[in-house]
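Working through the structure, step by step
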Amino acid sequence: MKCNICNDTGWYELPNHRLECMERIQCMDCLLQQQYKDTLKEDLTKLFSNASHQKLAQIVAELVINSVDRNEHDDLDRINTIIQTKNMISAIQLGVVYSQ
Ligand SMILES: [Zn+2]
C-alpha cells in the first residue's frame, strides 16, 4: 500500500511560515514501518537459523523462481543457464536482487 503522506519517498515538504520556505520532513510513518520490517527480518533470520540448509535452499529457490516468473521483464531461461553453468555467484546475486 502506498504511503499517502510521502508517496513512498520517505520525505515530504511542509511550508515553514517563519522562514518562508518549504521544509523537507522525514515521514515518521514510513520510518517506523521500515524499523518494524528490519526488526521482523532480524527475528525471522534468528528463527530460520535453526532450519536445515536443505529446507532453506528450497524456500529461496521457490521464492526466486516465482519472482522471476512474475516479472515480465525477466526470463526463466536465465535461471536455467545459471543452473547449467553451475554459476553460484549469479545464483546468489539473483536471490539478493529479488530479496530487495
Ligand atoms: Zn511515508
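Here the residue numbering is sequential within each chain, running from 1 through the sequence in written order. Where totals are concerned, whole chains, interfaces and linings use all residues; where local detail is concerned, this predicted model gives features only for residues with pLDDT of at least 70, and gives and counts side-chain atom pairs only at 80 or more.

Moving on, we come to the domain arrangement of the protein. Marked domain ranges trace back to an automatic or database domain assignment. Partitioning the protein into structural domains gives domain 1 (1-50) and domain 2 (51-100). For domain 1 versus domain 2, the separation of C-alpha centres amounts to 29 Å.

The next thing to look at is helix α3 (residues 76-84). Burial is judged by counting other C-beta atoms within 10 Å of a residue's own C-beta: 20 or more means buried, 12 or fewer means exposed, and anything between counts as partly exposed, with every C-beta placed from the backbone. Think of it this way: any DSSP run of H or I at least four residues long counts as a helix, any run of E at least two long counts as a strand, and we number them from the N terminus. Among the nine residues in α3, zero count as buried, and that is only a small part of the element. Immediately downstream of α3, the backbone of Lys-86 shows phi near 50 degrees, a positive value.

This part covers the packing of helix α2 (residues 53-70) against helix α4 (residues 88-99). Remark: α2 packs on α4, axes separated minimally by 10 Å, with the N-to-C direction vectors making an angle of 70 degrees. In terms of orientation, α2 lies roughly perpendicular with respect to α4. Crossing angle aside, the handedness with which α2 passes α4 is left-handed. Contacts between α2 and α4 involve Val-60, Leu-63, Val-64 and Ser-67 from the first element and Leu-94, Gly-95 and Tyr-98 from the second. Looking at side-chain class alone, the contact of α2 with α4 contains five nonpolar, two polar and no charged residues. The convention used is that axes are lines fitted to C-alpha atoms, helices contributing only their stretch in contact, and that angles between N-to-C directions extend from 0 to 180 degrees. Throughout this description, any angle smaller than 35 degrees is read as roughly parallel, any larger than 145 degrees as roughly antiparallel, any in the 65 to 115 degree range as roughly perpendicular, and the remainder as oblique. Helix crossings get a hand from a simple test, with the near helix turned counterclockwise from the far one by less than a right angle marking a left-handed crossing and a clockwise turn marking a right-handed one. The contact criterion used here is simple: two residues whose C-beta atoms, placed from the backbone, lie within 7 Å are in contact. Three classes are used: nonpolar for Ala, Val, Leu, Ile, Met, Phe, Trp, Tyr, Cys and Pro, charged for Asp, Glu, Lys and Arg, and polar for all others, with Gly counted as polar.

Let us look at unusual backbone geometry. Positioned with a positive phi, Asn-7 is a non-glycine residue whose angle comes to about 60 degrees. Although it is not a glycine, Glu-20 sits at a positive phi angle of roughly 50 degrees. You can see Glu-20 is positioned in the loop between β1 (11-16) and β2 (21-26). Given 7 C-beta atoms within 10 Å, Glu-20 falls into the exposed group.

Looking now at the pairing of β2. Burial of β2 is sparse: only zero of the six residues sit out of reach of the surface. Only strands that DSSP links by at least two bridges are regarded as paired with each other. Relative to β2, β1 is paired through six bridges, and the arrangement is antiparallel. Its bridge partner being in β2, Tyr-12 is matched across the sheet by Ile-25. The antiparallel hairpin formed by β1 and β2 contains four residues in its connecting segment, where Glu-20 sits at a positive phi of about 50 degrees.

With that settled, the discussion passes to the environment of Thr-45. In this fold, Thr-45 is placed in helix α1 (residues 28-48). Assessed through the 9 C-beta atoms surrounding it within 10 Å, Thr-45 is described here as exposed. Once the C-alpha coordinates of Thr-45 and Asp-75 are considered, the two residues, 30 residues apart in sequence, prove to be 29 Å apart.

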